[in-house]
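Structural description and commentary
The chain contents come next:
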Amino acid sequence: MWSGPPGIAIVLGETLGHYRIEARLGSGGMGVVYRARDDRLQRTVAIKVVGDGGVGGSAEDRGRLLEEARAASNLNHPNICTVYEVGEATGRAFIAMEYVDGPPLSQSIPTDGLPFETVVRLGIQVAAALAHAHSRGVIHRDLKTANIVVRSDGGAKVLDFGLARRIEVAGSEGLTQSVRVGTGPLLGTLSYIAPEVLLGQLADARSDIWALGVVLYEAATGALPFRGRNEFELTAAILRAPPEPFPAHVPPLLRTVIQRSLAKEPAQRYQSAAEVHAALEAIQSDVVMPLPRGRESGRRRPWLVAAAAATVLLAALVVWWIVRPRAVPWERLAAAGSLTRLSSSDERTYDPDVSPDGRMLTYVGESADGQTDLYVARVAGGAQLRLTDDEAREDTPRFAPDGERIAFTRRGAKGAEPEIRVVPALGGDVLASIPGGAYPAWSPDGRRLAFMRRRGDRTAVELVVASPDGSEARAVFASDSVYPFIRSPAWSPDGRTIAFVRGTGGIATEIWLIGADGSSLRRAVSDPPPVFADSPAFTPDGRGFVYASNRGGATNLWFAPLTGGTPVRLTTGAGPDEVPSVARNGTVVFLNSRWRISLELHDLADGTTRTLTTHAPFLWGPAFSPDGREVAFSRGEVDGIWHVWIAASSDGATRQVTSGEQGEIYPRFSVDGRALFFHTWKTPRQIGTVSLAGGHRAMLDFSGTTGEAFADVSPDGRWLAFTSVDPDAEHIYIGTATGGPARRLTASPGAVPKWSPDGSRIAFAANRGYAGGIFVIGADGTGERRLTAEGSWPVWLPGGDEIGYLAFGAAGQEVRIVTLATGESRTLPLKVVGTNHPFAISPDGRSLATTNGVHLSDEIWLLEPQ
């Protein structure tokens, strides 16, 4: 074990044991590497002196490093750099290794990548090295092009097996730093680290396969598959974004191998390096790919490269001269701005808002025990100031125009209405302001607040304008059954217009504009599903607003001009970039909140919970099979498209069921369990069915209805109850399970119907929000009655005398059970993070399936125009 001082450097010519130091080669992960002469065996070796020159870490780190080096010394393969000896001499720990004469692969890749044959040949060798190591229980953990040396004869040698203990974070800005995930060190170099390792899981052989995929991509293209201007964007890209598009010269078969190696989920990658080796060998032996015209198998012609560069530069100058702006618009400045991370936390930190002068930041912080409080801090850094300290939940803080006050939403005990409160920006008495209000937004003159509250009859949510003390309140707009969700208002700088969010459910949100007097309602940004728009914040000049959207694939910030022009992308990377706020100088503060969604089974008897599967970004709407052995669910991807998957209740093994271009959500099993019903994600929605035996898919036609969705199957399998969009609202309809004419069941608006176990009744909600309440009606359309004043997404319990439903309480989403005979309700002891997570109850009544948010980290970022 290491016992010597780490700061004593080696002197050239010095002897370390029987190794005579000849030259310094460079710094390794935990020490300095030298070329040395083995006087005993008369051979040249490489010596890594652990901790030499102060490079090493703690004594514990160095001891662990040496233990891993000893394990790596058992590897013996022509494509692995051999470890000869692990020892100590003159108070220094060292590792003696095979000296490989040649440049690292990272220095041998041209800007447009290596020739196809070279990539495959090197890939085969590296895959063989990994397969050998993995078969002996050794994973690399830091495979990268810098750790692969290419000899003059074309042979590849992989260095540093099992030796990595630090991470080098290298973005386009050249940033290098140590990073930790959870409570342990993150091993490897960020650009090559697999998503599951970034999420805190232990590295295994499939993590090395991911790194090999990055190496192959880099070798084939001359660039990395995931990119970002800083570690934040790079990490987000690795977790959620697809690889950058391949250049045309990369053959399809090689693309396939690389893409499978870079699957986000380890289970979808090659399961062993031997499989990658076999795939590359098959490409090498079975396919002869001619080089594209202009590409050579060895040298590039420098004069051609220079000429091409000059041509591109000249063309760029000509274009610039023609289109050069006389006054650069704000959105172009923001798009070229600089990004600064203001905070990063494994605990919840959300709803940031920047003060009008751009100097202060307010946000909500959540402690490990679940208490949420309001904080302020200087954008320039320094200590944070806590503004609240109680058991209530705070959210959506917003600075007043003068920067002196902050309005926020406070949610108290179970059943209590939310309320808007106001607190001085630097601390003081918290004043009650508007009972029942949420999502406050100040008018530009500070004399009014726009906010959301439930209408008196509790059937809708209203956009209201009032004085900060709640007086002179006036409803401007109300939700309906088509758009049951409205939130997040924002005033224009001239005070004439309010932007707000309307949602049909889940992430299907749109931004609308309305006059502060209730006139001139219009949609602000028109994109087809699955594109969403969220969280508007007006720019200081009032020409448009910044908002969050996935219109570019990942969720980023965009600028939309009020004139209706094409939105401009402000941030890049995999996101999600959300909740923007804009200061008067154009500075934008926003949140990057990283989550995974889990599909969970809760045992209703003993209260235990187990996870069947997780996914980023979305899982939603589970349903049990008739025998309870499987759970169908909707799974959303980064590009916004949804498909139906099935997970086994026993072990969580998953398989994909649908793959249509329109997207599919909300699966429900047929009575015999042989098929699934679903509806399309893109509008107009339509109900379809797919066979689980052969995958045959058919869309159902119900004459006289449009926008059919949220179907539920009657217990005898003959009928479907579903939601249809009528001109005035959504209503419940009933039709046969094969399509044809359908009859309207409810006179009042309704959504998300569920058949009772005996088929005689149907439960439904007034809408898909939480305000409308739960209703029951006979299957013949008679006997309608209201069970609860609030809630949505009803689910019958097997006995038929109770109904579960979703409601919103002080701690967020709750699952409640109402007894039909008495109308009394109780809340289940389930912790559901997030909102709108519909659930299902197993046929035997023992298990409840739901999806749930799993928080990873929150970061607040600053985008400054330059």
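Parameters at a glance
- Residues numbered from 1 in each chain as written.
- Predicted model: local features only at pLDDT ≥ 70, side-chain atom pairs only at ≥ 80, totals over all residues.
- Heavy atoms only, no water.
- Helix = DSSP H or I, 4+ residues; strand = E, 2+ residues; numbered from the N terminus.
- Buried < 20%, exposed > 50% of the residue type's maximum accessible area, 1.4 Å probe, protein only.
- Contact = heavy atoms within 4.5 Å.
- Areas by Shrake-Rupley, 256 points an atom, 1.4 Å probe, with all protein chains shown as cover.
- Pairing = 2+ DSSP bridges.
- Axes fitted to C-alpha atoms, helices over the stretch in contact; angles between N-to-C directions.
- Phe/Tyr/Trp six-rings, centres within 6.5 Å; stacked < 30°, edge-to-face > 60°.
- Parallel < 35°, antiparallel > 145°, perpendicular 65-115°, else oblique.
- Left-handed = near helix turned anticlockwise from the far one by under 90°.
- Nonpolar A, V, L, I, M, F, W, Y, C, P; charged D, E, K, R; others polar.
- Polar contact = N/O pair within 3.5 Å; in protein donor to acceptor, adjacent residues only side chain to side chain.
- Salt bridge = Lys/Arg side-chain N within 4 Å of Asp/Glu carboxyl O.
- Core = buried A, V, L, I, M, F, W, Y, C linked by side-chain atoms within 4.5 Å.
- pLDDT = per-residue confidence, 0-100.
- Expected span 1.5 Å × (residues − 1).
- 1 Å grid on protein atoms, 1.4 Å probe; cavity = no way out; pocket = protein on both sides within 12 Å on 5 of 7 lines; lining within 4 Å.
- Points joined across faces, edges and corners; volume = space filled by probe spheres on them.

What follows is about the overall build of the protein. Each helix and strand counted, the protein has nine helices and 58 strands in total. By residue count, 55% of the 866 residues in the protein fall in the buried class. Look at the contacts in the protein between residues 6 or more apart in sequence, and 47% of them connect residues 24 or more apart. Within the structure as shown, the protein displays about 35,600 Å² of accessible surface, and the carbon and sulfur contribution to it stands at 52%.

For the rest of this paragraph, the subject is the sheet that holds strand E54 (residues 802-809). What the four strands build is an open sheet, ordered E53-E54-E55-E56; its pairing is antiparallel. Of all strands in the sheet, those with a lone pairing partner are strand E53 (792-796) and strand E56 (825-827), marking the two edges. Averaged over all neighbouring strand pairs, the angle between strand axes comes to 30°, with direction disregarded. Here eight bridges tie E54 to strand E55 (residues 812-819), and the two strands are oriented antiparallel to one another. Note on E55: the bridge partner recorded for Gly 804 is Ile 817.

With that settled, consider the packing of aromatic side chains. In total, this model carries 19 aromatic pairs according to the counting rule given. Seen in terms of ring centroids, Phe 710 and Trp 793 are 5.6 Å apart; in terms of plane orientation they differ by 75°. Their pairing is edge-to-face. Taken as a pair, Phe 710 in strand E45 (residues 709-713) and Trp 793 in strand E53 lie far apart in primary sequence, 83 residues in all. In this pair, the class of Phe 710 matches that of Trp 793, namely buried. Seen from their ring centres, Phe 722 and Tyr 733 are 6.2 Å apart, and the 15° between their planes marks the pair as stacked. Residue Phe 722 is found in strand E46 (residues 719-725), and its partner Tyr 733 is found in strand E47 (residues 730-736); the two are separated by 11 residues along the sequence. Of the two residues, Phe 722 and Tyr 733, both sit in the buried class.

What follows covers the pairing of strand E39 (residues 642-648). In terms of residue burial, E39 counts as a mostly covered element, since seven of its seven residues are buried. Residues Trp 642, Val 644, Ile 646 and Ala 648 line one face of E39 and the alternating positions His 643, Trp 645 and Ala 647 line the opposite face, and both faces are buried. Here strand E38 (residues 630-636) runs beside E39; their pairing, made up of seven bridges, is antiparallel. Bridge pairing links Ser 634 to Val 644 in E39. The turn joining E38 and E39, which pair antiparallel and follow one another in sequence, is formed by five residues; a positive phi near 90° is taken by Gly 640. Inspection of the sheet shows E39 paired to strand E40 (residues 654-656) by three bridges, in the antiparallel sense. Along E40, the bridge assignment pairs Ala 647 with Thr 654. Here E39 hands over to E40 after five residues, with Gly 652 in that stretch at a positive phi of 80°.

Another point: the packing of helix H2 (residues 116-135) against helix H4 (residues 205-221). Put simply, H2 and H4 touch, their axes get as near as 10 Å, and they point 165° apart. Taken as axis vectors, H2 and H4 run roughly antiparallel relative to one another. The handedness of the crossing between H2 and H4 comes out as right-handed. Note on element contacts: H4 touches H2 through Ala 205, Asp 208, Leu 212, Leu 216, Ala 219 and Ala 220, opposite Val 119, Gly 123, Val 126, Ala 127, Leu 130 and His 134.

Here we come to unusual backbone geometry. Its identity is not glycine, yet Gln 42 carries a phi of approximately 55°, on the positive side. Relative to the elements of secondary structure, Gln 42 occurs in the loop between strand E3 (31-38) and strand E4 (43-50). We note that Glu 472 has phi near 55°; this positive angle belongs to a residue other than glycine. Among the secondary structure elements, Glu 472 is positioned in the loop between strand E24 (461-466) and strand E25 (474-478). A relative accessible area of 71% means that Glu 472 is categorised as exposed.

Further remarks concern the packing of H4 against helix H6 (residues 252-261). One way to put it is that H4 packs onto H6 with a least axis distance of 8 Å and a crossing angle of 145°. Considering only the axes of H4 and H6, their crossing is left-handed. Seen from H4, the contacting residues are Ile 209, Trp 210, Gly 213, Leu 216, Tyr 217 and Ala 220; seen from H6, they are Leu 254, Ile 258 and Ser 261. Class assignment for the residues of the contact of H4 with H6 results in seven nonpolar, two polar and no charged.

Take Ala 392: it is sitting in the loop between strand E17 (384-386) and strand E18 (393-399). When its relative accessible area of 5% is taken as the criterion, Ala 392 is described as buried. For the pair formed by Ala 392 and Pro 418, sequence separation is 26 residues and the distance between their alpha carbons is 9.9 Å.

The subject of this paragraph is helix H5 (residues 231-240). Across the 10 residues that make up H5, a large majority, 10, are buried. Among the residues of H5, those classed as buried are Glu 231, Phe 232, Glu 233, Leu 234, Thr 235, Ala 236, Ala 237, Ile 238, Leu 239 and Arg 240. The inward-facing, buried residues of H5 abut helix H3 (195-198), H4, strand E13 (338-345), strand E34 (577-582), strand E35 (588-603) and strand E58 (847-864). For H5, the N-terminal cap is Asn 230; the gap from its side-chain oxygen to the backbone nitrogen of Phe 232 is 3.2 Å.

A separate point is the pattern of salt bridges. Evaluated as defined, the whole model comprises 40 salt bridges. For Asp 390, the salt bridge is made with Arg 410, and the minimal N-O distance between the two is 4.0 Å. Of the two residues, Asp 390 is situated in the loop between E17 and E18 and Arg 410 in strand E19 (residues 405-411); the sequence distance between them amounts to 20 residues. Residue Asp 390 is classed as partly exposed on the basis of its relative accessible area, which comes to 25%.

Backbone-to-backbone hydrogen bonds join strands into a sheet, with any given pair of strands oriented parallel or antiparallel. The antiparallel open sheet is built from four strands, whose spatial order is E45-E46-E47-E48. The open sheet has two free edges, formed respectively by E45 and strand E48 (742-744), since each of these has just one partner strand. Each strand axis lies, on average, 25° off the axis of its neighbour in the sheet, ignoring direction. Where E46 and E47 come together, seven bridges link them in antiparallel fashion. Along E47, the bridge assignment pairs Thr 723 with Ile 732.

Tracing the backbone through its elements, the reader meets Glu 578 in strand E34. For Glu 578 and Tyr 350, which are 228 residues apart along the polypeptide, the C-alpha to C-alpha distance reads 9.8 Å.

Ranked by internal contacts, the top residues of the largest apolar core, which has 72 residues, are Leu 105, Leu 143, Phe 161, Leu 212, Leu 254, Val 276 and Leu 280. Excluding its chain neighbours within four sequence positions, the residues that come into contact with Phe 161 are Ala 72, Leu 75, Ile 80, Ala 129, Leu 130, Ala 133, Val 138, Ile 139 and His 140.

Looking at the protein as a whole, its pLDDT mean stands at 84, while 86% of the residues score no less than 70. In the model, residues 1-7 has pLDDT below 50 throughout and makes 21 contacts with residues more than four positions away in sequence or in other chains. Predicted confidence is poor over residues 164-187, with pLDDT under 50, and the contacts of this stretch with residues over four places away or in other chains come to 60 contacts.

An ideal rise of 1.5 Å per residue puts 28 Å on 20 residues; H2 measures up with 28 Å between its terminal C-alpha atoms. Gly 137 sits one or two residues past H2 and shows a positive phi near 75°.

On inspection of all chains with the given rule, the structure shows four cavities of 30 Å³ or more. Lining the largest cavity we find 10 residues, and of these Ala 72, Cys 81, Val 83, Asp 160 and Phe 161 sit closest to its centre. Here the lining of the largest cavity is composed, by residue class, of nine nonpolar, no polar and one charged. Of the pockets and cavities examined, the second largest cavity occupies roughly 50 Å³. In terms of lining, the second largest cavity is formed by Leu 105, Val 119, Leu 122, Gly 123, Val 126, Ile 148, Leu 212, Val 215, Leu 216 and Ala 219. Taken together, the elements giving at least two residues each to the lining of the second largest cavity come down to H2 and H4. Tallied by class, residues from the lining of the second largest cavity come to nine nonpolar, one polar and no charged.

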